[in-house]
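# Summary of the model geometry
Residues per chain, in single letters:
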Amino acid sequence: MRLLTRLFLIVAVGLLAFSLVHAQGVEDNQAIVYMAYEGTAEGSILIVSPEGYRDKVIGRDWFGSDSSGRYQREEMSASDDGRSLAISVRDTVDDVILWVPIINLDEPGSGNTLYPLYTTQAVRLGGFSPDGRYLALAVVGQESADAPLTGGMMVFDITSSQEFDEYGKWWLPLEPRDGQIMWAEIGDWTAEGVQFLPTCYDCGEHTAGEYLLWNPFAETITPETGAYFVPDVIRLKATGEALRLDSDEDFPRNPGVTGPNVVRYLPTVTPDPAAMTTIYADPRGIGLAQWVLDGQAALVQPANVNDQWLLIYRDGRVVEYPYMRGIYFVVGSTDGWFVQGGNADGYTDLNHIRLDRSDYLVSAAGWATVIRPPRLGTSLPNPPPTFQAID
């Protein structure tokens, strides 16, 4: 990015030195959600638990003076400790990623800004390192004005000045395959490095595959990890289990029903169909399956059914849970799940549901986007009891 443009961004974004001294963080039972103001990039971060919430306003200074239209947020990623939030910001006129703000959620107004490539067409935000100091991302763009389009992986030290510090950035270019630009699906950041699966850029849906492991500091790549990327799984990270919606012609469908009609259970994330167990089928189709009740059950919503959830327990029980129309699932919790719905004032109410009651938490502008779910499954035994297969 040209020097003049960068100087403008420094003024517009209002960079402050980032500090690793944090005051509060986010606890395991709390979720981080983003409520965006309609038609703008700015909004509010809500850190919610079954007992209450706290909020942080993310103003337009992080996005640029034209955040109401031209500059828009794209992806968001939070560190595991909930102290840092990364946001990719797109210029919708020039159709490029301008910068990636790193916001310190414990100290409003403080943080840093990262600049990926000279011209960045796309960014896929990965996770932060276990200590929260580094951020991994996949990028596609140009390294200079005359360079060809390329893709790869990047790691940033979020405490370094990207404008004046030549260090603190690691780049792993990925060679094109069959004439296609490559970037990556990004997995967890483990103690050994970043999991990633090379995949072509702008090629539609991506298939399952085994993650590679990149250690940017040792400059090593491990080609076999035993860990897999599988699209469209709903992971329970604490136990390694997952849920997946699927279509299965061996189970009945109502006339005209298309799409998923079964819920699969994966004791570990793998593309092997033999390792997947069908735990629920519905001829009406299935619109949603999510972990709730600290991973003790899966919450399932039949397709086009607006007043009923089903709780699928590990022992095979299926329990109906009725709810009001206009209420939508947000994310599971340690003893229930969070929901949202519009109110008469035009805002969104967030509520927490337990099996015996529903508690109001807060009203805010916009619709909730989950950035970091609560850490569910910590109360389960090791290994956890598996779900029961159906015939």
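The structure presented is a predicted model; accordingly, all values stated were derived computationally and were not measured.

In this section: the overall build of the chain. From N to C terminus, the chain includes 1 helix and 30 strands. Here the C-alpha atoms of the chain give a radius of gyration of 22 Å, agreeing with the 21 Å that 2.2 N^0.38 yields for 391 residues. When the 391 residues of the chain are sorted by exposure, 53% land in the buried category. As displayed, the chain has an accessible area near 18,000 Å², and 48% of this comes from carbon and sulfur atoms. The centroid of the 26 positive side-chain charges in the chain is displaced by 2 Å from the centroid of its 52 negative side-chain charges.

Another aspect to go through is the pattern of salt bridges. Applying the stated criterion across every chain yields a total of 20 salt bridges. In this structure, arginine 124 and glutamate 185 form a salt bridge, with 3.8 Å as the shortest nitrogen-oxygen distance. Of this pair, arginine 124 sits in strand β8 (residues 119-128) while glutamate 185 sits in strand β12 (residues 182-190), placing them 61 residues apart in sequence. Exposure remark for arginine 124: the relative accessible area of 16% places this residue in the buried category.

Here the focus is the packing of aromatic side chains. Note on aromatic pairs: each is described by the distance of the centres and the angle between the planes. Enumeration over the complete set of coordinates arrives at 14 aromatic pairs. A ring pair is formed by tyrosine 321 and tryptophan 337, whose centres lie 5.2 Å apart and whose planes are at 75°; its orientation type is edge-to-face. Placement of the pair is tyrosine 321 in strand β25 (residues 318-322) and tryptophan 337 in strand β27 (residues 337-342), with a sequence separation of 16 residues. Each member of the pair, tyrosine 321 together with tryptophan 337, is buried. Taken together, the ring pairs in this structure connect Tyr134, Trp170, Trp189 and Phe217 into an aromatic cluster. Here the guanidinium or amino end of arginine 124 rests over the ring plane of tryptophan 183, the centre of that ring lying 4.1 Å away. Of note, arginine 317 hangs over the ring of tyrosine 313, and the distance from its end group to the ring centre comes to 4.0 Å.

Turning our attention to the state of the cysteines. Using the criterion set out here, one finds 1 disulfide in the structure. The disulfide partner of cysteine 200 is cysteine 203, and the S-S distance across this bridge is 2.2 Å. By relative accessible area, cysteine 203 is classed as partly exposed at 33%.

The next subject is the layout of surface pockets. Here the largest pocket is characterised by a volume of approximately 1,900 Å³. Together, 50 residues line the largest pocket, and Asp188, Arg235, Lys237, Ile371 and Pro373 are the ones closest to its centre. Only β4 (71-78), β8, β12, β17 (228-229), β18 (233-236), β22 (286-292), β26 (328-332) and β30 (368-372) provide two or more residues apiece to the lining of the largest pocket. Per-class residue counts for the lining of the largest pocket are 25 nonpolar, 12 polar and 13 charged.

The next subject is the confidence of the model for the chain. Counting all residues, the mean pLDDT for the chain is 89, and 90% of those residues have values of 70 or more. Low pLDDT, under 50, characterises residues 1-23; the predicted model gives this stretch 45 contacts beyond four residues in sequence or across chains.

So, about the environment of leucine 310. Structurally, leucine 310 can be placed in strand β24 (residues 308-313). Residue leucine 310 is classed as buried on the basis of its relative accessible area of 4%. Placed 30 residues apart in sequence, leucine 310 and tyrosine 280 show a C-alpha to C-alpha distance of 10.0 Å. Ignoring sequence-local partners within four residues, the contact set of leucine 310 consists of Tyr280, Asp282, Arg284, Ala298, Leu299, Val300, Pro302, Val318, Val319 and Glu320.

Rules used throughout
Residues numbered from 1 in each chain as written. Predicted model: local features only at pLDDT ≥ 70, side-chain atom pairs only at ≥ 80, totals over all residues. Heavy atoms only, no water. Helix = DSSP H or I, 4+ residues; strand = E, 2+ residues; numbered from the N terminus. Rg over C-alpha atoms; globule rule 2.2 N^0.38 Å. Buried < 20%, exposed > 50% of the residue type's maximum accessible area, 1.4 Å probe, protein only. Areas by Shrake-Rupley, 256 points an atom, 1.4 Å probe, with all protein chains shown as cover. Lys, Arg positive; Asp, Glu negative; His and termini not counted. Charge placed at Lys NZ, Arg CZ, Asp CG, Glu CD. Salt bridge = Lys/Arg side-chain N within 4 Å of Asp/Glu carboxyl O. Phe/Tyr/Trp six-rings, centres within 6.5 Å; stacked < 30°, edge-to-face > 60°. Lys NZ or Arg CZ within 6 Å of the ring centre and 35° of its normal. Disulfide = S-S within 2.5 Å. 1 Å grid on protein atoms, 1.4 Å probe; cavity = no way out; pocket = protein on both sides within 12 Å on 5 of 7 lines; lining within 4 Å. Points joined across faces, edges and corners; volume = space filled by probe spheres on them. Nonpolar A, V, L, I, M, F, W, Y, C, P; charged D, E, K, R; others polar. pLDDT = per-residue confidence, 0-100. Contact = heavy atoms within 4.5 Å.

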